[in-house]
Amino acid sequence: MLTISEAISYVFTGLNNDQKKEVLNVLVHIIQKIIDNPTRAKFRFLKKDSQTFINKFLCFKGSENILKAVGFEEDAERWFFPVSNDGSLVNNLNEVRNYIKNNAYTIYNNTEHIFEQSQNSPNGLNNHTNGNSNNSNTDNSKLGDKDKILKPRPDGLTLGSLSKRRLEKERNELLRERESTIKLIQEDSDKWIIQIKGAENTLYSNETFKMQFKFTDKYPIESPEVIFIGQPPIHPHIYSNGHICLSILYDNWSPVLSVNSICLSIISMLSSCTKKKKPIDDMLYCSAGSKVSPKNMRWMFHDDKV
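Residues numbered from 1 in each chain as written. Predicted model: local features only at pLDDT ≥ 70, side-chain atom pairs only at ≥ 80, totals over all residues. Heavy atoms only, no water.

Per an unreviewed UniProt entry, the recorded name for the protein chain is Ubiquitin-conjugating enzyme, putative, and the organism is Plasmodium chabaudi chabaudi.

> Any chance you could break down the overall build of the protein chain for me, citing the residues and the numbers?
Per the secondary structure count, the protein chain includes ten helices and seven strands. Considering the protein chain as a whole, with its 306 residues, one finds that 45% of them fall into the buried category. Taking as baseline every contact in the protein chain between residues at least 6 positions apart, the subset at least 24 positions apart corresponds to 64%. (Helix = DSSP H or I, 4+ residues; strand = E, 2+ residues; numbered from the N terminus. Buried < 20%, exposed > 50% of the residue type's maximum accessible area, 1.4 Å probe, protein only. Contact = heavy atoms within 4.5 Å.)

> Tell me what's going on with the pairing of strand E5 (residues 191–197), and back it up with residues and numbers.
Two faces belong to every sheet, and in a regular strand the side chains alternate between them. Relative to E5, strand E4 (residues 182–187) runs antiparallel, the two sharing five bridges. Counted as the bridge partner of lysine 183 is glutamine 195 from E5. Linking two consecutive strands that pair antiparallel, namely E4 and E5, is a turn of three residues. (Pairing = 2+ DSSP bridges.)

> I'd like a description of the pairing of strand E7 (residues 225–229), backed by residues and values.
Counted residue by residue, E7 has four buried out of five residues, so it is predominantly covered. Here strand E6 (residues 208–214) runs beside E7; their pairing, made up of five bridges, is antiparallel. What sits directly across from lysine 210, in E7, is isoleucine 229.

> Explain the environment of serine 84 to me, using residue names and the numbers behind them.
Within the element layout of this structure, serine 84 appears in the loop between strand E3 (78–80) and helix H5 (89–102). Spatially, the C-alpha atom of serine 84 lies 9.5 Å from that of glycine 71, the residues being 13 residues apart in sequence.

> So what's going on with the confidence of the model for the protein chain? Which residues, and what values?
On average, residues of the protein chain carry a pLDDT of 78, and 77% of them reach 70 or more. The secondary structure element of the protein chain with the lowest average pLDDT is helix H7 (residues 114–120), at 40, and the one with the highest is E6, at 97. Under a pLDDT of 50 for its full length, residues 109–159 has, in the predicted model, 89 contacts with residues more than four places off or in other chains. (pLDDT = per-residue confidence, 0-100.)

> Mind laying out the side chain of serine 293, listing which residues take part and the relevant values?
Here serine 293 shows up in the segment after helix H10 (282–286). Not counting the four nearest positions on each side in its chain, serine 293 is found in contact with Glu225 and His243.

> Let's hear about the packing of aromatic side chains: which residues, and what values?
The full count for this structure, using the stated rule, is ten aromatic pairs. Between phenylalanine 12 and tyrosine 99, the aromatic rings sit 5.9 Å apart at their centres with planes inclined by 75 degrees, giving edge-to-face as the arrangement. Here tyrosine 99 lies in helix H5 and phenylalanine 12 lies in helix H1 (residues 4–12), a separation of 87 residues in the sequence. A network of ring pairs unites the aromatic residues Trp192, Phe213, Phe215, Tyr219 and Trp253 as a single cluster. In this arrangement the basic side chain of lysine 48 is found over the ring face of tryptophan 79, its NZ or CZ atom lying 5.5 Å from the centre. (Phe/Tyr/Trp six-rings, centres within 6.5 Å; stacked < 30°, edge-to-face > 60°. Lys NZ or Arg CZ within 6 Å of the ring centre and 35° of its normal.)

> Explain the pattern of salt bridges residue by residue, including any values.
Going through the model one piece at a time under the given rule, you end up with eight salt bridges. The closest approach of N and O atoms between arginine 166 and glutamate 170, which form a salt bridge, is 2.8 Å. Separated by four residues within a single helix, arginine 166 and glutamate 170 lie in helix H8 (residues 160–176), roughly one turn from each other. Pair check on accessibility: arginine 166 and glutamate 170 agree, each one buried. For glutamate 187, the salt bridge goes to arginine 171, with nearest N and O atoms at 2.8 Å. Here arginine 171 lies in helix H8 and glutamate 187 lies in strand E4, a separation of 16 residues in the sequence. A residue is classified by how much of its surface remains accessible, and arginine 171, at 23% relative accessible area, is partly exposed. One connected set of salt bridges, linked through shared partners, spans Glu168, Arg171 and Glu187. (Salt bridge = Lys/Arg side-chain N within 4 Å of Asp/Glu carboxyl O.)

> Please provide a residue-by-residue account of unusual backbone geometry, values included.
Residue proline 220 follows tyrosine 219 across a cis peptide bond; omega there is 10 degrees. One can find proline 220 in the loop between E6 and E7. The backbone of asparagine 201 sits at a positive phi, close to 65 degrees, despite the residue not being glycine. Relative to the elements of secondary structure, asparagine 201 occurs in the loop between E5 and E6. Phi is positive for asparagine 206, close to 65 degrees, though the residue is something other than glycine.

> Describe H5, naming the residues involved and giving the relevant values.
An ideal rise of 1.5 Å per residue puts 20 Å on 14 residues; H5 measures up with 20 Å between its terminal C-alpha atoms. Of all the residues in H5, the buried ones are Leu89, Val90, Asn92, Leu93, Val96, Arg97, Tyr99 and Ile100. (Expected span 1.5 Å × (residues − 1).)

> Residue-level account of the nonpolar core, with values.
Soluble globular proteins tend to pack their nonpolar side chains together in the buried interior. By size, the foremost hydrophobic cluster in this structure holds 35 residues, and its most contacted members are Ile194, Ile196, Phe213 and Ile244. Where this core is concerned, the elements lending two or more residues are H8, E4, E5, E6, E7 and helix H9 (259–271). With seven residues, H9 is the largest single contributor of residues to this core. Contacts of isoleucine 194, omitting those with residues within four sequence positions, involve Leu174, Ile182, Lys183, Leu184, Phe209, Lys210, Met211, Phe213, Val259 and Cys263. (Core = buried A, V, L, I, M, F, W, Y, C linked by side-chain atoms within 4.5 Å.)

This is the structure in structure tokens:
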């Protein structure tokens, strides 16, 4: 089977830049929708007779090979993405990102950002035209927030709107949550303070703790930085400086995870604790200073049932 990059390169033979951008835009949109909505079946299905899908993707020779490389399967009427392939989604999106990065100057003239465009359009499938020299002379001060042209990142990609859109969705879900176990108590554009409460009939029953979530513009592709602030729980996997030894925050992160699922995992970790005690290397680890990000540390993970 072809890799995603190989399948894209095959389809791009003979296409103009507008057509190439359209294919990449649709592809990013499809993958991101599944990542953002892992439990919603409708985003896993692509109808073969959809005229929009045909015109913007399927009409190009070899496009079905891209879908297969991503992990889609097909029947007579549709393409579908099975749940069993979810583990490959982040790698697939990263491969598309790398393809765009490596070909940005050829396809986009380094002036357009597909990740930004795919979210700004109402359905993620809008037509795009080539950027022109007039764009560089646009006065951003005269534009509204939604119309401002984003300055290119050094790597040629912008994920700002993906992050903002995902966080807005998660924020609304947290605010609708009636349970008092997880509360959003403070928020900035890139930093949230979450309060969690220990589960009943556990060592931490009814105790409350505060956690700080720091997001980059690559969230949810990259994990947030999560630490306890104030007095952290006394737990074998939680250090006195608030750092947390939990694999999903680092090596085992997946874009299908969320702030809520992280909080639930940490509450579960607390609930399984049988004795309150600090990590055996707490003093040595904390001597590195609280200003060092836990994401810059090398972790060794053990069973969280302690």
